[in-house]
Amino acid sequence: MGIAEPQQSGIPRNQKKCIGVDACCWSNRRGFGRFTRELLTALVRDDKEHQYIFFVDQDTACTSEFPPNVRLITASTDVAPTVAAAASGRRSLKDMWALSRAVAKEPINLFFFPAVYSYFPILKRCKIIVTIHDMMADHHPERVFPNWQSKVFWKLKQNLALRQADMILTVSNHAKQQIVDYFRIPDARVIATTEGPSEVFTHIPNPAGAAQILERYGLKPGGPFVLYVGGISPYKNLDVLVDAFHRLAADPLFVGHKLVLVGDYKGDVFYSHYAGLKADIEQRGLADRVLFTGFVPDNELVVLYNMARALVLPSLEEGFGLPAVEAMACGTPVIASDRGSLPEVVGSAGLFFDPSRPDVLVTVLRDVLNSESIRDRMSLAGLERSRLFTWELGAKSTAALFHRVIREGF
């Protein structure tokens, strides 16, 4: 167990309410891992009314850096929760019990789960808020789970989390409505906050070291490319993007264009479509034009955003769609699926297509890639739109929710 005492503020410690946090997703490379890090960092920095205790597993404690002004409690676990929650795994009762016991020993007024993925039962009387990012696992289970056992364990965990939760946090109005409709729960029990781009994602006309970074990922400086950023999971619908690019690549006008797929296909523990997607790309003769980068660190990802002709997100559903906001903050034109939260987030700054229609996506890509004026207009609109989304706003609304749940009950 590692404990770092909190920094003192102007409010006496015994007057502060204590918020426990499941920080086991802190090091996860997916969107909900970034949500956990960015939201909690902003919360701990700006929220002077509450004190925070982060509960983590041993693996996360050893590999992560946390804000200095929190107590960190490490539970004795055998497997990292985000690994155990993978497509082919499940968490042991022993590990869940270790985290539940650690929480039960502390004077917690409210416990917060930034993601339902790493949920474990809370054994003490306190308020509980659980975050559900999207409904993909419920709407399209065949694209999320590799077998029926994984689906059953997910549903059991999700149902227990919903039963224990006093409030549910989510990340967009679309996701909120989907949760309310699917689970048939009161609208007032689900609250939407927001996400935002990290500070590193900004518009840089001529990024330093761009040539070396591009070459590292098989790209030539000045060579046009279309970008995708996200998981390599079946529900991300990358088959349609590859199909559309294949049609585009047959046109001599786009002979020099490449498609760059950014996403961790080696270390990602969730259900992956990498093998099937790679085989399809090779069969189409596109192996030299469709590039898998694997995980890309933020300081290099910002260069890819800034140098790309457009970002394409073909997902069947998103709870928020963080790469869209990151791209807009870099001035990258966004072409997105018209499903899920993407129209809500991107708004009039982007262009949309039916994710079941690669022919429609080809038409949109042609229009954007052929016209510098269209790209310039989308870039300016995206930069303006991205300013509506910040982690500070998300932290402020989440802190207000904590206050209301602790002081008023709901």
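Everything below is about the structure printed above this text.
Caption draft 1: Layout of the overall build of the chain. Looking only at helices and strands, the chain has 16 helices and 13 strands in total. A compact globule built from 410 residues should have a C-alpha radius of gyration of about 22 Å, and the chain, at 22 Å, falls within 12% of that. Structurally, the chain occupies a C-alpha span of about 70 × 45 × 40 Å along its principal axes. In the chain, which comprises 410 residues, the share counted as buried stands at 58%. Counting 46 positive and 44 negative side-chain charges, the chain places the centres of these two groups 4 Å from one another.

Caption draft 2: Spotlight on the pattern of salt bridges. Applying the stated rule across the entire model yields 21 salt bridges. Among the ionic pairs, Glu282 bridges to Lys278, the shortest N-O distance being 3.6 Å. Of this pair, Glu282 and Lys278 are both found in helix H10 (residues 274-283), four residues apart, which corresponds to roughly one turn of the helix. With relative accessibility at 47%, the residue Glu282 sits in the partly exposed group. Residue classification places Lys278 among the partly exposed residues on the basis of a relative accessible area of 32%.

Caption draft 3: Structural detail: the sheet that holds strand E13 (residues 351-353). Read from one edge of the open sheet, six strands run E10-E9-E8-E11-E12-E13, paired in parallel fashion. Across the chains shown, the open sheet's two edge strands, defined by having one partner strand only, are strand E10 (290-294) and E13. Going across the sheet, the axis of each strand differs from the next one's by a mean of 25 degrees, ignoring polarity. Judged from the three bridges that link them, strand E12 (residues 334-337) and E13 form a sheet pairing that is parallel. By the bridge assignment for E13, Ala336 is matched with Phe352. Its contacts with the sheet place H10 against strand E9 (258-262) and E10, and it is angled at close to 155 degrees to E10. Here helix H12 (residues 322-329) sits on the sheet in contact with strand E8 (225-229), strand E11 (310-313) and E12, set at roughly 170 degrees to E11.

Caption draft 4: Focus on the environment of Arg71. Turning to its location among the elements, Arg71 is positioned in strand E3 (residues 71-74). In this structure, the C-alpha to C-alpha distance between Arg71 and Ser379, residues 308 residues apart in sequence, is 42 Å. A distance of 2.9 Å separates a polar atom in the side chain of Arg71 from a polar atom in the side chain of Glu106.

Caption draft 5: Examining the sheet that holds strand E6 (residues 167-170) more closely. Taken in spatial order, the seven strands line up as E3-E2-E1-E4-E5-E6-E7 in an open sheet, and their pairing is parallel. With partners counted over all chains shown, the strands left at the sheet margins are E3 and strand E7 (190-192), one partner each. Direction aside, neighbouring strands of the sheet carry axes that sit 25 degrees apart on average. The strands that helix H1 (residues 31-46) touches are strand E1 (17-22), strand E2 (50-56), strand E4 (110-113), strand E5 (127-131) and E6; relative to E2, the one it contacts most, it runs at about 150 degrees.

Caption draft 6: Inspection of the packing of helix H9 (residues 238-249) against H10 at higher detail. It is the contact of H9 with H10, at a shortest axis distance of 11 Å, that shows an interaxial angle of 10 degrees. Between H9 and H10, the angle is such that the two are roughly parallel. Listed contacts from H10 to Leu238, Asp239 and Val242 of H9 are Leu277, Asp280 and Ile281. The class makeup of the residues in the contact of H9 with H10 is four nonpolar, no polar and two charged.

So, how was this worked out
Residues numbered from 1 in each chain as written. Predicted model: local features only at pLDDT ≥ 70, side-chain atom pairs only at ≥ 80, totals over all residues. Heavy atoms only, no water. Helix = DSSP H or I, 4+ residues; strand = E, 2+ residues; numbered from the N terminus. Rg over C-alpha atoms; globule rule 2.2 N^0.38 Å. Buried < 20%, exposed > 50% of the residue type's maximum accessible area, 1.4 Å probe, protein only. Lys, Arg positive; Asp, Glu negative; His and termini not counted. Charge placed at Lys NZ, Arg CZ, Asp CG, Glu CD. Salt bridge = Lys/Arg side-chain N within 4 Å of Asp/Glu carboxyl O. Pairing = 2+ DSSP bridges. Axes fitted to C-alpha atoms, helices over the stretch in contact; angles between N-to-C directions. Contact = heavy atoms within 4.5 Å. Polar contact = N/O pair within 3.5 Å; in protein donor to acceptor, adjacent residues only side chain to side chain. Parallel < 35°, antiparallel > 145°, perpendicular 65-115°, else oblique. Nonpolar A, V, L, I, M, F, W, Y, C, P; charged D, E, K, R; others polar.

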